[in-house]
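Okay, here's what each chain looks like letter by letter:
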Amino acid sequence: MKLFIDDADIDAIRYLTEYYPIDGVTTNPSILAKTKRDPRETLKQIRSVIGEERTIFVQAVAADYEGMINDAHMIMDLLGKNTVVKIPSVPVGFKAIAALKKEGIPTCGTAVYTAMQGYLAAKAGASYVAPYVNRIENMGYDGIQVVREIQDILDACGYDCQVLAASFKNSRQVKELAAYGIDNVTCSADIIKGFAKNAAIDGAVEDFISDFQALTGVTSMTDLK
Ligand code: E4P
């Protein structure tokens, strides 16, 4: 399962990219707004931190068809290869997704709340569909189940499209989708850090080092005399 950082905090992206097995970064207009900077500068900086080989997802903001297409071209020109344009999964978005596919521009149908909405984005030609797990759960529905249903539809219909599950509140939601074989998830920096963060883990690692030090007087194999 590929793991993306759903964040535009450059320091967090730099840290996670250095230490964690990260496949790229996803953004949306609200995430970019939190930086209070020119979004083009933020996006170029993210590209520079993650390198050319990792993928960045950037959303077209315009609400009309021509605007979405123009935004997509601008995003691709700004960020180069391994860039995916997020397009809202609404009727005008389905039209834009189909047109961009013809141009060879990969898209992610975003803002997905229902399984059949995911089906439409995939059928229109999106390379990814992004269901919003926690936002669905906040509405009183089962977000995990919606993602599973979309995965089942993609498999059954044979669309060349992957799920990019998004909007998580905790590790458990991510774990359930990993166990189901979902291809991609995107999580905030804090949720990713939470995968391997608790006092028991830290305590176990500290105990190994202090036991070794009690035996040898040093804290690494290479320092052995
Ligand atoms: C990603 O595509 C979404 O924009 C994002 O994950 C939404 O997350 P939120 O519900 O935490 O805002």
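For the structure given in this document, a descriptive report is provided here. (Residues numbered from 1 in each chain as written. Predicted model: local features only at pLDDT ≥ 70, side-chain atom pairs only at ≥ 80, totals over all residues. Heavy atoms only, no water.)

1. Topic: unusual backbone geometry
The backbone of Asn-82 shows a phi angle near 60°, a positive value even though the residue is not glycine. Tracing the backbone shows Asn-82 in the loop between helix 4 (65-79) and strand 4 (83-88). For Asn-82, a relative accessible area of 30% gives the class partly exposed. Phi at Ala-111 is positive, roughly 55°, even though this residue is not glycine. Mapped onto the elements, Ala-111 comes out in strand 5 (residues 107-112). A residue is classified by how much of its surface remains accessible, and Ala-111, at 24% relative accessible area, is partly exposed. (Helix = DSSP H or I, 4+ residues; strand = E, 2+ residues; numbered from the N terminus. Buried < 20%, exposed > 50% of the residue type's maximum accessible area, 1.4 Å probe, protein only.)

2. As for a nonpolar patch on the surface
Where nonpolar side chains cluster on the molecular surface, the patch consists of Ile-201, Val-205, Phe-208 and Ile-209 and spans about 380 Å² of accessible area. Relative to the elements of secondary structure, Phe-208 occurs in helix 11 (residues 199-216). (Patch = residues over 30% accessible without salt bridge, like charges linked within 9 Å, V, L, I, M, F, W, Y side chains within 5 Å. Areas by Shrake-Rupley, 256 points an atom, 1.4 Å probe, with all protein chains shown as cover. Salt bridge = Lys/Arg side-chain N within 4 Å of Asp/Glu carboxyl O.)

3. Quick word on helix 6 (residues 115-124)
Buried within helix 6 are the following residues: Ala-115, Gln-117, Gly-118, Ala-121, Ala-122 and Ala-124. Downstream of helix 6 by one or two residues, Gly-125 has phi in the positive range, about 125°.

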